[in-house]
Amino acid sequence: MADPQFFIFVEGRHGDEYVHSNNCDLAFTGLQVQYEVIRAEQISGVGSGKTRLLAHYELLTQSGQLISSLKGEVAVAVFFMDKDLDDLKGIQIDSEHVIYTSFYDVENHIFTEGDIRHAVAAACNFSPQRVRRELPAGNLWQAHIADYWKDWVRLCFAANILNLRGESNYGRPSPLNPDPYGPPDVQSVETFERRSHAMARKGNPSGCLEWNAARQQVDSLYGAGLQDQAFKGKWYAEILAQWLIDLDPNIDKRALAANLVKHMAATMKFDSEWSRSVQERVRNLAVKAGFEIPVQRREPGSHSLLRDSPSAG
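Computed from a prediction, not measured in an experiment: that's the story for all the values here.

*Asks:* Looking at this model, I keep getting lost on the layout of surface pockets. Mind explaining?
*Replies:* Empty space among the atoms becomes apparent when a probe as large as a water molecule is rolled across them. One number sums up the size of the largest pocket: a volume of about 680 Å³. Along the wall of the largest pocket there are 31 residues; nearest its centre are Lys50, Asp84, Tyr104, Asn160 and Tyr170. Elements that contribute at least two residues to the lining of the largest pocket include exactly helix H2 (49-62), helix H3 (86-89) and helix H8 (150-161). Looking at the lining of the largest pocket element by element, the count peaks at four residues for H2. Taken together, the residues of the lining of the largest pocket break down into ten nonpolar, ten polar and eleven charged. Taken as a whole, the second largest pocket spans an internal volume of roughly 190 Å³. Every residue along the wall of the second largest pocket is listed here: Gly12, Arg13, His14, Asp16, Glu107, Lys234, Ala237, Glu238, Ala257, Ala258 and Val261. Where the lining of the second largest pocket is concerned, the elements lending two or more residues are helix H11 (234-247) and helix H12 (256-266). Its residues assigned to classes, the lining of the second largest pocket comprises four nonpolar, two polar and five charged.

Have a look at this one:
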């Protein structure tokens, strides 16, 4: 096999490689590009996956190796990162070599673009009929969960935007919801909100206004149907796994949340607005690096480099 020409860096271990490499496969259709996927855990360093990717991106940027050439062989680096709240905090990297999710993380895209009924049936060895009885079609289950967790999302969002170090953070599941797939406990919500609000006011004259503004921003996202901008997608799999275990205690519980993510990803079609935009950005980067698009694949006046790709949907 030829040496890789594209080096694709990804954050996570469960769905990231599958999702991002499938988008790259479609982007490279007809270009004969060899690529290698490198997970953050394979990069030396400390900290989270995203921290390691950021450090490696800076290293390649400073050394001028985002696109390099050795003995006529071109090598290109592209980094796929979860957006988290980076755009709202003004810390996103503006580079054609860095591609973010449109939602909070890649799991949001998996649960938005995947087929939850098919994934649950496959992961749990359930009959399709049983799953149809238990789960609504489309993304209704995800919408219900995001709504039940809205109070926790408000707290985590405000804490993240205001850099509050406390018990409300995206690193843990909601302690407000006694059943993770059910509504919150009102008293718990009031207790956590009181503590969070006090922390925001401490030593910050405008902390109260900023805290309320952050919470209102979450309400605006939810009102526009954009809750996946603020809701952490990894929570979906954890909540769904617990719901399924409570539904049927005899199912195989081993790594159930991770398996659900993988089965959801396997049902994606990679034809969403986000997937197509990713494919176009990767393809444009390949063209910039000198990989030519076959003449027969070009369409005069076409703004999409993927419009005539059979495998692009």
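Moving on from the model shown.
*Asks:* Mind showing me how you'd approach the pairing of strand S4 (residues 73-81) here?
*Replies:* The two faces of the sheet receive side chains in turn, since in a regular strand these alternate between them. By the criterion of burial, S4 is predominantly enclosed, with seven of the nine residues buried. For strand S3 (residues 67-70) and S4, the ladder comprises four bridges, and the chain directions are antiparallel. Directly across from Leu70, in S4, lies its bridge partner Glu73. If you look at the hairpin formed by S3 and S4, you'll find two residues sitting between the two strands, and Lys71 has a positive phi there, around 55 degrees. Where S4 lies against strand S5 (residues 98-100), three bridges are found, and the strand directions are parallel. Each bridged residue has a counterpart across the sheet, and for Phe80 the counterpart in S5 is Ile99.

*Asks:* Hey, could you run me through helix H9 (residues 186-201) in this one?
*Replies:* For an α-helix, the turn length of 3.6 residues means that residues three or four places apart are oriented alike. Taking 1.5 Å of rise per residue, the 16 residues of H9 would be expected to cover 22 Å, and the 23 Å separating its terminal C-alpha atoms lies within 8% of that figure. Contacts from the buried residues of H9 go to H8 and helix H10 (207-223).

*Asks:* What should I look at first to understand the packing of aromatic side chains in this one?
*Replies:* Working definition: an aromatic ring pair is given by the centre-to-centre distance plus the angle between the planes. The full count for this structure, using the stated rule, is 15 aromatic pairs. Note on Trp149 and Trp235: the rings are 5.1 Å apart at their centroids and 50 degrees apart in plane angle, and the pair reads as tilted. Linking Trp149 in the loop between helix H7 (140-148) and H8 with Trp235 in helix H11, this pair joins segments that are 86 residues apart in sequence. The class for Trp149 is buried, based on a relative accessible area of 1%. For Trp235, a relative accessible area of 2% gives the class buried. Among the aromatic residues, those joined into a ring-pair cluster are Tyr104, Phe111, Trp141, Trp149, Tyr170, Phe231, Trp235 and Tyr236. The side chain of Arg130 reaches across the aromatic face of Phe126, ending 4.1 Å from its centre. A cation over an aromatic ring shows up here: Arg195 above the ring of Phe192, its NZ or CZ 5.8 Å from the ring centre.

*Asks:* Just to check I follow, could you spell out the confidence of the model for the chain for this structure?
*Replies:* Any segment with low pLDDT has predicted coordinates that should not be analysed in fine detail. Residues of the chain with pLDDT of at least 70 account for 93%, and the chain-wide mean is 92. Segment residues 297-313: pLDDT under 50, and 34 contacts once partners within four positions in sequence are set aside and those in other chains are kept.

*Asks:* Teacher, can you tell me more about the nonpolar core here?
*Replies:* As a rule of thumb, soluble globular proteins bury nonpolar side chains together. Core analysis: the largest hydrophobic core is formed by 76 residues, its most contacted members being Val120, Phe231 and Leu244. Per-element accounting of this core gives the leading share, eight residues, to H11. What Val120 contacts, discounting residues up to four positions off in sequence, is Asn125, Phe126, Val131, Leu135, Leu240, Leu244 and Leu260. Ranked by size, the runner-up nonpolar core spans 14 residues in total, among them Ile38, Leu66, Ala77 and Val98.

What counts, and at which threshold
Residues numbered from 1 in each chain as written. Predicted model: local features only at pLDDT ≥ 70, side-chain atom pairs only at ≥ 80, totals over all residues. Heavy atoms only, no water. 1 Å grid on protein atoms, 1.4 Å probe; cavity = no way out; pocket = protein on both sides within 12 Å on 5 of 7 lines; lining within 4 Å. Points joined across faces, edges and corners; volume = space filled by probe spheres on them. Helix = DSSP H or I, 4+ residues; strand = E, 2+ residues; numbered from the N terminus. Nonpolar A, V, L, I, M, F, W, Y, C, P; charged D, E, K, R; others polar. Buried < 20%, exposed > 50% of the residue type's maximum accessible area, 1.4 Å probe, protein only. Pairing = 2+ DSSP bridges. Expected span 1.5 Å × (residues − 1). Contact = heavy atoms within 4.5 Å. Phe/Tyr/Trp six-rings, centres within 6.5 Å; stacked < 30°, edge-to-face > 60°. Lys NZ or Arg CZ within 6 Å of the ring centre and 35° of its normal. pLDDT = per-residue confidence, 0-100. Core = buried A, V, L, I, M, F, W, Y, C linked by side-chain atoms within 4.5 Å.

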